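Chain and residue survey
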Amino acid sequence: MACRGHVAGRLNGCGNLRREWRATFRGAGGLWKDYKPEELANAEAFAKNPKLVWEWYNHRREIIAKALPNPGHKALVEFEKRKPRFTLITQNVDGLHDRAGSGKILKLHGDIWRMKCTVCGANWPDRRTPLPRLPPHCQCGGLARPNVVWFGEPLADGMMKEAEHAVTSAQVFLVIGTSAVVLPAANLVPYARKAGAKVIEINTEETAATGMVDCVLRGPAGDLLPRLL
Ligand code: BJW
Ligand code: ZN
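Here goes a summary of the coordinates provided. (Residues numbered from 1 in each chain as written. Chains lettered and ligands numbered in written order. Predicted model: local features only at pLDDT ≥ 70, side-chain atom pairs only at ≥ 80, totals over all residues. Heavy atoms only, no water.)

In the structure shown here, the tally under the stated rule is 6 aromatic pairs. Ring plane angle 65 degrees and centroid distance 6.3 Å describe the contact between Trp-54 and Tyr-57, whose orientation is recorded as edge-to-face. Of this pair, Trp-54 and Tyr-57 both sit in helix H3 (residues 50-66), separated by 3 residues, roughly a single helical turn. Taken as a pair, Trp-54 and Tyr-57 share a single burial class, namely buried. Ring centres of Tyr-57 and Trp-150 lie 6.3 Å apart, and the angle between their planes is 45 degrees; this geometry places the pair in the tilted category. Taken as a pair, Tyr-57 in helix H3 and Trp-150 in the loop between strand E6 (144-148) and helix H6 (159-168) lie far apart in primary sequence, 93 residues in all. The class for Tyr-57 is buried, based on a relative accessible area of 3%. Through a chain of ring-to-ring contacts, the aromatic side chains of Phe-46, Trp-54, Trp-56, Tyr-57 and Trp-150 assemble into a single cluster. The positively charged end of Arg-60 is found above the aromatic ring belonging to Trp-56, 4.4 Å away from the centroid. Sitting over the face of the ring of Trp-113, Arg-127 holds its NZ or CZ atom 4.5 Å from the ring centroid. (Phe/Tyr/Trp six-rings, centres within 6.5 Å; stacked < 30°, edge-to-face > 60°. Helix = DSSP H or I, 4+ residues; strand = E, 2+ residues; numbered from the N terminus. Buried < 20%, exposed > 50% of the residue type's maximum accessible area, 1.4 Å probe, protein only. Lys NZ or Arg CZ within 6 Å of the ring centre and 35° of its normal.)

Laid out in C-alpha cells, this is it:
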C-alpha cells in the first residue's frame, strides 16, 4: 500500500475488475463444452455457427446475472464520487460496474447486455436470462449478435480517443485485474506513463504491464481497492 499517497487528483481506472469467484477470460477453468473463449469470441465462429456462439453467451449471461458487484467495484464508485475527473475505462463486458453504480464508464469492449443487428446495425439492450430464442433476431429480421468487440474488430468510434484523452490528463492511472496483452487497451499503460501519470498495477499475478508500472499492489482487487480510499 506504499502508493496510497499517489491516489489524489485525477484518477483513472482501467482493466478488468474480475469477479473473484469465476474464471477469467484467459485463466484456467475458462472452458465451456471444451471450447476456449477465444475460439468462440470471434466473428468467424459466429458466422459459422451463430447458435453455438449464442449458447455460450447465454450461459455467460446467466452466470453474470447471478453475480454481485464486489467491494472493488464499489470502491471505484466511491472514487468517482470523490474525484470529479475520475474516469473508469474498462475491458469488462459484464455490466457489473453499472450495477455497482459507476456512472462514467468507457466500455472498450462493449456490453454483453446489448444486442447489435448484423443487417441494419440497430443496437438495443436485452437483459433477459435465458434468452427466449437462440439465436436472437432484430425487428428487421436480421440476425443479432452480442454488442461486444471481438478480436480483429475495431473498438467503437471515438472510444480509444476518449480513453487516451482521460489518460493524458491523469495524475494516477490504476491498471486493475488485466493481463495487459489485448490491444489497443494494453497500449494505455505506456501511454499513461508517457503522459506523466503514476501508474499502479493491482493484480493477483505478474502481467505484461508489471515491468512498466511505478508501483505494484499484489492481491485481489476486491481487497486492495477499498484500502486505497
Ligand atoms: C485479478 C483478479 C482479482 C484475476 N484481482 N486481479 C495478431 C493476430 C490477430 C490479432 C492481433 C494480433 N496481434 C494483435 C492483435 C490485435 C488483438 C489483440 O490484442 N490480440 C492479442 C491477444 C494478441 N486486438 C484486437 O483484435 C482488438 N481490435 C483491434 O485491434 O482492432 C484493430 C482494427 C482496426 C480497424 C479495423 C479492424 C480492426 C479487439 C480486442 C477485443 C477483445 N475482446 C474480448 C472479448 C469481449 C467479448 C467477450 O467477453 O465475449 O475482450 S477478448 C477478452 O480479452 C475480453 C477482455 O475484455 C479482454 C482483456 O482481458 P484480460 O484483461 O486480458 O483478461 P484475462 O482473463 O486474460 O486476465 C485477467 C487478469 O486479471 C489476469 O491478469 C489475472 O491475474 C487478473 N485477476 N482475478 C486482481 N481478483
Ligand atoms: Zn436489424
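With respect to the helices and strands, the residue Lys-107 is situated in strand E3 (residues 105-107). A polar atom in the side chain of Lys-107 sits 2.9 Å from the side chain of Asp-111. Excluding residues that lie within four positions of it along the chain, Lys-107 makes contacts with Thr-90, Asp-98 and Met-159. (Polar contact = N/O pair within 3.5 Å; in protein donor to acceptor, adjacent residues only side chain to side chain. Contact = heavy atoms within 4.5 Å.)

Moving on, we get to the pattern of salt bridges. Scanning all chains against the criterion turns up 11 salt bridges. A salt bridge links Asp-214 to Arg-193, with the nearest nitrogen and oxygen atoms 3.1 Å apart. Of this pair, Asp-214 sits in the loop between strand E8 (198-203) and strand E9 (215-218) while Arg-193 sits in helix H7 (residues 188-194); the two residues are 21 residues apart in sequence, bridging distant segments of the chain. A relative accessible area of 34% places Asp-214 in the partly exposed class. The structure contains a network of salt bridges with shared partners spanning Lys-33, Lys-51 and Glu-55. (Salt bridge = Lys/Arg side-chain N within 4 Å of Asp/Glu carboxyl O.)

Further remarks concern the coordination of the zinc ion (ligand 2). The protein atoms that coordinate the zinc ion (ligand 2) are Cys-117 (SG), Cys-120 (SG), Cys-138 (SG) and Cys-140 (SG), at distances spanning 2.2 to 2.4 Å. For the zinc ion (ligand 2), the 4 donor atoms in the first shell make angles of 104 to 120 degrees at the metal, a pattern classed as tetrahedral. Taken in sequence order, the residues that donate to the zinc ion (ligand 2) follow the motif C-x2-C-x17-C-x1-C. Here the residue Cys-117 occupies a position in strand E4 (residues 110-117), and Cys-140 occupies one in the loop between strand E5 (123-125) and E6, the gap between them amounting to 23 residues. (Donors = N, O, S within 2.8 Å, 3.2 Å for Na, K, Ca; no water. Tetrahedral: all angles 85-135°; square planar, octahedral: opposite > 155°, others 65-115°.)

With that settled, consider empty space enclosed by the protein. Counted under the stated rule, the structure contains 1 cavity of 30 Å³ or more. As a volume, the largest cavity reaches approximately 40 Å³. Every residue lining the largest cavity is counted, 10 residues in all, and those nearest its centre are Gln-91, Thr-178, Ala-180, Ala-185 and Ala-186. Across the lining of the largest cavity, the residue classes break down as 8 nonpolar, 2 polar and no charged. (1 Å grid on protein atoms, 1.4 Å probe; cavity = no way out; pocket = protein on both sides within 12 Å on 5 of 7 lines; lining within 4 Å. Points joined across faces, edges and corners; volume = space filled by probe spheres on them. Nonpolar A, V, L, I, M, F, W, Y, C, P; charged D, E, K, R; others polar.)

Attention now goes to unusual backbone geometry. Glycine aside, residues mostly have negative phi, and peptide bonds are mostly found in the trans state. Of note, the bond from Leu-134 into Pro-135 is cis; its omega dihedral lies within 30 degrees of zero at -5 degrees. Structurally, Pro-135 can be placed in the loop between E5 and E6. Here the amide bond leading from Leu-183 into Pro-184 is cis, since omega sits at 0 degrees, within 30 degrees of zero. Note that Pro-184 resides in the loop between strand E7 (172-176) and H7. Phi at Lys-33 is positive, roughly 45 degrees, even though this residue is not glycine. Examined against the element boundaries, Lys-33 turns out to sit in the loop between strand E1 (11-15) and helix H1 (37-40). For Lys-33, a relative accessible area of 56% gives the class exposed.

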